[in-house]
Amino acid sequence: MLKEKLSIVKIGGNIIEDDTFLKAFLKLFGNLEGNKILVHGGGKRATAIASKLGIESKMINGRRVTDAETLEVITMVYGGLVNKNIVAQLQALKIDAIGLTGADANSITSDKRPVKEVDFGFVGDVKKVAYKSIDKLIQAGFTPVFCAITHDGNGQLLNTNADTITSQLAVGMSHLYETSIYYCFELNGVLKDINDKNSVIKHIDSKLYSELLEQGIIADGMLPKLENCFDALNHGVKTINMGNTNMLTQENDNFTRITL
């Protein structure tokens with residue numbers, strides 16, 4: 001039996017920060033055919049508001065340390081300000097969106113990250129996606145908009161990486177749908193040469209991925225992103241696309257498609 005298609009789109013901080021960019025992106029997202037889910041972060045906005053409140057943001061290896069005060073700010077910013085602004089703008093485009101954290105409908109539960117060398121505080125690693133509950137919303141005609149917050153099932157909210165939420169949602173929903181992920185960021189895709197914005201590698205499969213790792217072309221921030229991608233592909237996700245927001249248009253093929 002052929003499965004229906006589901007697109008899961010993740011947007012990063014720079015799009016959220018710029019109202020014009022955000023409006024243009026949401027229009028593209030709205031034009032995507034079929035079932036869809038949107039996932040967003042909001043780290044830059046959270047950092048700015050924390051600093052206005054006199055709360056210092058601590059980062060280790062590019063990851064935020066989430067103490068109790070920071071968790072309050074993140075909950076307000078991701079789950080409130082950013083999420084509801086996106087939902088309202090989608091409603092203006094006649095898309096019946098519903099804003100969610102992982103706690104809503106018990107949709108995404110996480111374990112608090114264990115302390116090893118670093119105590120990241122209230123940070124969650126995704127344990128379970130309640131894909132049947134999320135599907136009830138899709139079947140009712142809603143477009144879910146998830147922010148980067150999950151919960152542990154015992155009343156504790158947890159700050160959770162938005163890329164990870166995206167891939168785990170896609171893995172969960174692939175029980176019911178043919179799922180594709182779109183990671184929207186500033187670059188045109190995965191680049192052969194980091195200094196040449198046009199050196200997009202248009203298709204990466206497992207074989208090429210191994211070669212690019214060996215050559216050191218995939219390094220730094222791209223490493224965890226692509227590890228995440230292949231993990232999702234090995235667990236039922238059909239395709240993953242990386243590039244700027246123009247990859248959501250039919251005419252554009254200048255982005256990276258990742259398959260097994």
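Our structure's up above, just so we're on the same page.
These numbers were taken from a predicted model, which means no experiment stands behind them.

Undergrad: Explanation requested: the overall build of the protein chain in the structure shown.
TA: Assigned secondary structure in the protein chain consists of eight helices and 14 strands. Relative to its length of 260 residues, the protein chain is compact, with a C-alpha radius of gyration of 18 Å against a globular reference of 18 Å. C-alpha extents for the protein chain along the principal axes are approximately 45 × 45 × 35 Å. Put simply, the protein chain has 260 residues, and 48% of those count as buried. Taking as baseline every contact in the protein chain between residues at least 6 positions apart, the subset at least 24 positions apart corresponds to 69%. For the protein chain, the accessible surface area stands at approximately 12,900 Å², while carbon and sulfur atoms represent 51% of it. Positive and negative charge centroids in the protein chain, built from 28 and 30 side chains respectively, lie 4 Å apart.

Undergrad: It is not clear to me how the nonpolar core should be interpreted in this structure. Could you clarify?
TA: One recurring pattern in soluble globular proteins is that nonpolar side chains are buried together. Core analysis: the largest hydrophobic core is formed by 71 residues, its most contacted members being Phe25, Ile37, Leu38 and Leu169. When residues in this core are grouped by element, the largest group, eight residues, is from helix α4 (residues 68–92). Contact partners of Phe25, with chain neighbours within four places excluded, come to Val9, Ile11, Ile15, Leu38, Cys184, Thr245 and Leu248.

Undergrad: What exactly am I supposed to notice about helix α8 (residues 222–233) here?
TA: Think of an α-helix as turning once every 3.6 residues; residues three or four places apart then point the same way. Look at α8: 16 Å from first C-alpha to last across twelve residues, which is about the 16 Å you get at 1.5 Å a residue. The complete set of buried residues in α8 reads Met222, Leu226, Asn228, Cys229, Phe230, Ala232 and Leu233.

Undergrad: Would you mind showing me how to read the sheet that holds strand β2 (residues 35–40) here?
TA: Each strand in a sheet pairs with another by means of backbone hydrogen bonds, the pair being arranged parallel or else antiparallel. Taken together, the eight strands give an open sheet; going across it, the order is β5-β8-β2-β1-β11-β13-β14-β12, and neighbouring strands pair in mixed fashion. Single-partner strands in this sheet number two, and they are β5 (97–100) and β12 (203–204). By the bridge criterion, three bridges tie strand β13 (residues 239–243) to strand β14 (residues 256–258) in an arrangement that is antiparallel. Across the sheet, Ile240 pairs through a bridge with Ile258, a residue of β14.

Undergrad: What is the right way to look at the packing of aromatic side chains in this model?
TA: The description of two aromatic rings rests on the distance between their centres and on the angle between their planes. A complete count under the given rule lists two aromatic pairs for this structure. With a centroid separation of 4.3 Å and 20° between ring planes, the pair formed by Tyr209 and Phe230 is classed as stacked. Taken together, the residues span a long stretch of sequence, with Tyr209 in helix α7 (residues 206–214) and Phe230 in helix α8 at a distance of 21 residues. Here Tyr209 matches Phe230 in class, with each residue buried. Sitting over the face of the ring of Phe29, Lys36 holds its NZ or CZ atom 5.8 Å from the ring centroid. The ring of Phe122 carries Lys112 above its face, with NZ or CZ at 5.5 Å from the centroid.

Undergrad: It is not clear to me how the packing of helix α6 (residues 162–173) against α8 should be interpreted in this structure. Could you clarify?
TA: How two helices pack is summed up by the angle between their axes together with the distance between the axes. In contact at an axis separation of 9 Å, α6 and α8 are set at 10° when each is read in the N-to-C sense. Here α6 lies roughly parallel to α8, going by the angle between them. Between α6 and α8, the residues in contact are Asp163, Thr164, Ser167, Gln168 and Val171 and Lys225, Asn228, Asp231 and Ala232, respectively. The residue makeup of the contact of α6 with α8, split by class, is two nonpolar, four polar and three charged.

Undergrad: Which parts of the structure should I look at to understand the pairing of strand β8 (residues 143–147)?
TA: Working note: regular strand, side chains alternate between the two faces of the sheet. Buried residues dominate β8, accounting for five of its five residues. Alternating residues of β8 divide into Thr143, Val145 and Cys147 and Pro144 and Phe146, and every residue in both groups is buried. As judged from the three bridges shared by β2 and β8, these two strands associate in the parallel manner. Residue pairing in the sheet places Val39 in a bridge with Phe146 of β8. Taken together, the four bridges between β5 and β8 define a ladder with parallel strand orientation. Bridging across to β8, Gly99 finds its partner in Val145.

How each quantity is defined
- Residues numbered from 1 in each chain as written.
- Predicted model: local features only at pLDDT ≥ 70, side-chain atom pairs only at ≥ 80, totals over all residues.
- Heavy atoms only, no water.
- Helix = DSSP H or I, 4+ residues; strand = E, 2+ residues; numbered from the N terminus.
- Rg over C-alpha atoms; globule rule 2.2 N^0.38 Å.
- Buried < 20%, exposed > 50% of the residue type's maximum accessible area, 1.4 Å probe, protein only.
- Contact = heavy atoms within 4.5 Å.
- Areas by Shrake-Rupley, 256 points an atom, 1.4 Å probe, with all protein chains shown as cover.
- Lys, Arg positive; Asp, Glu negative; His and termini not counted.
- Charge placed at Lys NZ, Arg CZ, Asp CG, Glu CD.
- Core = buried A, V, L, I, M, F, W, Y, C linked by side-chain atoms within 4.5 Å.
- Expected span 1.5 Å × (residues − 1).
- Pairing = 2+ DSSP bridges.
- Phe/Tyr/Trp six-rings, centres within 6.5 Å; stacked < 30°, edge-to-face > 60°.
- Lys NZ or Arg CZ within 6 Å of the ring centre and 35° of its normal.
- Axes fitted to C-alpha atoms, helices over the stretch in contact; angles between N-to-C directions.
- Parallel < 35°, antiparallel > 145°, perpendicular 65-115°, else oblique.
- Nonpolar A, V, L, I, M, F, W, Y, C, P; charged D, E, K, R; others polar.

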